[in-house]
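Residue-level structure breakdown
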Amino acid sequence: MGIGLNEDQVAAFWRDGYVFPLRVMSDSDAGECYAQFCSMEANCGGALSGPLRYKPHLLITWLNKLIRHPRILDSVEDVIGPNILCWASSFFNKDAQDPSYVSWHQDSTYWGLSKPEEVTAWVAFTPSRSENGCMQVIPGTHTLDQVPHFDTTAEHNLLTRGQEVEVDVDESQAVDIELEAGEISLHHVRLIHGSPPNLSKQRRIGYAIRYIPTHIQQLHSNEDTATLVRGEDRFGNFIPEPTPASDMDPEALKFHAKANSVAGQVLYRGSGKKPYFAAEKEVFGGR
Ligand SMILES: O=C(O)CCC(=O)C(=O)O
């Protein structure tokens, strides 16, 4: 066991499918993350482009460090054990008065992972509250099996396929996962969750880091990639990801483009949709 969660928090995770708030960094470190995030945006000339929202830890050195943050990993270890891969990471951002939302879903639906043993650490770079569209969860739904989902074409849905559960969700049971900047929540891959639009004047910036134990396999590709962030990998089920030598390093860009293309094939299989994170000329500078 790591030293991240106490017994009550571990019990809460397995009973409810989530645990929060967990402080993993100081206010000033959280402020530094937000400042770095803003300079990434400035370099993009506005909102982060698709490729920079998915697996940006392969391109940006401070994000590569963040996925290895000891306080985050201590908490994750208490849930999935000591041998940990970071399988993916993505930004879920809502600007002030932003109609973007996340439909009710289970993460496990299209990820192609062999067992429902993934845990997400959702890191708040800004406060995330009811008024600015924080994540909401339906406690206990992680004990459900995989439930059917349908794809939507809703314009402002932040999910890859706009997927939504096909079962009734009792929204009266929803819990708001309110976090301060520098806090995280952990949630189970089967937990039904989502989030409403941001009706406030305060941005909501979150970075979701997906962790799996090393014995998990990708069922829909032999080319999926992951980063070993703690312990040892005796299984070799994923292609090891390199650490970027510098931000947007050419070798890192090449690896990231390939990794995102494989992820696109897995996550969008059968949908006929183009991944939002497919390589774009402006990010890759035509390389
Ligand atoms: O950021 C949100 O509102 C939802 C995030 C989410 O669906 C996830 O991290 O799995």
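Above this text is the structure in question.
Residues numbered from 1 in each chain as written. Predicted model: local features only at pLDDT ≥ 70, side-chain atom pairs only at ≥ 80, totals over all residues. Heavy atoms only, no water.

1. Side note on the packing of aromatic side chains
Inclusion rule: Any Phe, Tyr or Trp ring, taking Trp's six-membered ring, that has another such ring centre within 6.5 Å forms a pair; planes under 30 degrees apart are called stacked, those over 60 apart edge-to-face, and the others tilted. Secondary structure elements are taken from DSSP: a helix is a run of H or I of four residues or more, a strand is a run of E of two residues or more, and numbering for both begins at the N terminus. Only protein chains enter the accessibility calculation, which uses a 1.4 Å probe; a residue whose area is less than 20% of its type maximum is buried, one above 50% is exposed, and one in between is partly exposed.
By the definition in use, this model includes 13 aromatic pairs. When the centroid spacing of 5.2 Å and the interplanar angle of 55° are considered together, the rings of Phe37 and Phe91 count as tilted. In this pair, Phe37 sits in helix α2 (residues 27-44) while Phe91 sits in strand β2 (residues 84-94), placing the two residues 54 residues apart along the sequence. When the centroid spacing of 5.9 Å and the interplanar angle of 40° are considered together, the rings of Trp62 and Phe125 count as tilted. Here the residue Trp62 occupies a position in helix α4 (residues 61-66), and Phe125 occupies one in the loop between β4 (119-124) and β5 (136-137), the gap between them amounting to 63 residues. Phe125 carries the same exposure label as Trp62, and that label is buried. A network of ring pairs unites the aromatic residues Tyr34, Phe37, Trp62, Phe91, Phe125 and Tyr207 as a single cluster.

2. As for the sheet that holds strand β10 (residues 193-195)
Inclusion rule: For two strands to pair, DSSP has to find at least two bridges joining them.
Spatial ordering of the open sheet is given by β3-β10-β5-β8, a layout of four strands whose pairing is antiparallel. Edge strands, defined here as strands with exactly one partner in the open sheet, are β3 (102-105) and β8 (175-176). Sheet analysis places β3 next to β10, joined by two bridges and oriented antiparallel. Bridging across to β10, Val102 finds its partner in Ser195.

3. Let's talk about the nonpolar core
For clarity, the threshold we go by: Throughout this description, the term nonpolar core refers to a set of buried Ala, Val, Leu, Ile, Met, Phe, Trp, Tyr and Cys residues connected via side-chain atoms within 4.5 Å. Pairs of residues are marked as contacts when any of their non-hydrogen atoms sit within 4.5 Å.
Within the largest apolar cluster, 41 residues are counted, with the highest numbers of intra-cluster contacts made by Leu63, Ile72, Phe125, Leu186, Tyr207 and Tyr211. Among the elements that take part in this core, helix α5 (residues 70-80) stands out by supplying five residues, more than any other. Filtering out sequence-adjacent residues up to four positions away, Phe125 remains in contact with Ala30, Cys33, Tyr34, Phe37, Trp62, Leu63, Leu66, Phe91, Ala181, Ile205 and Tyr207. With 16 residues, the next largest nonpolar core counts Tyr54, Ala226, Ala263 and Val266 among its residues.

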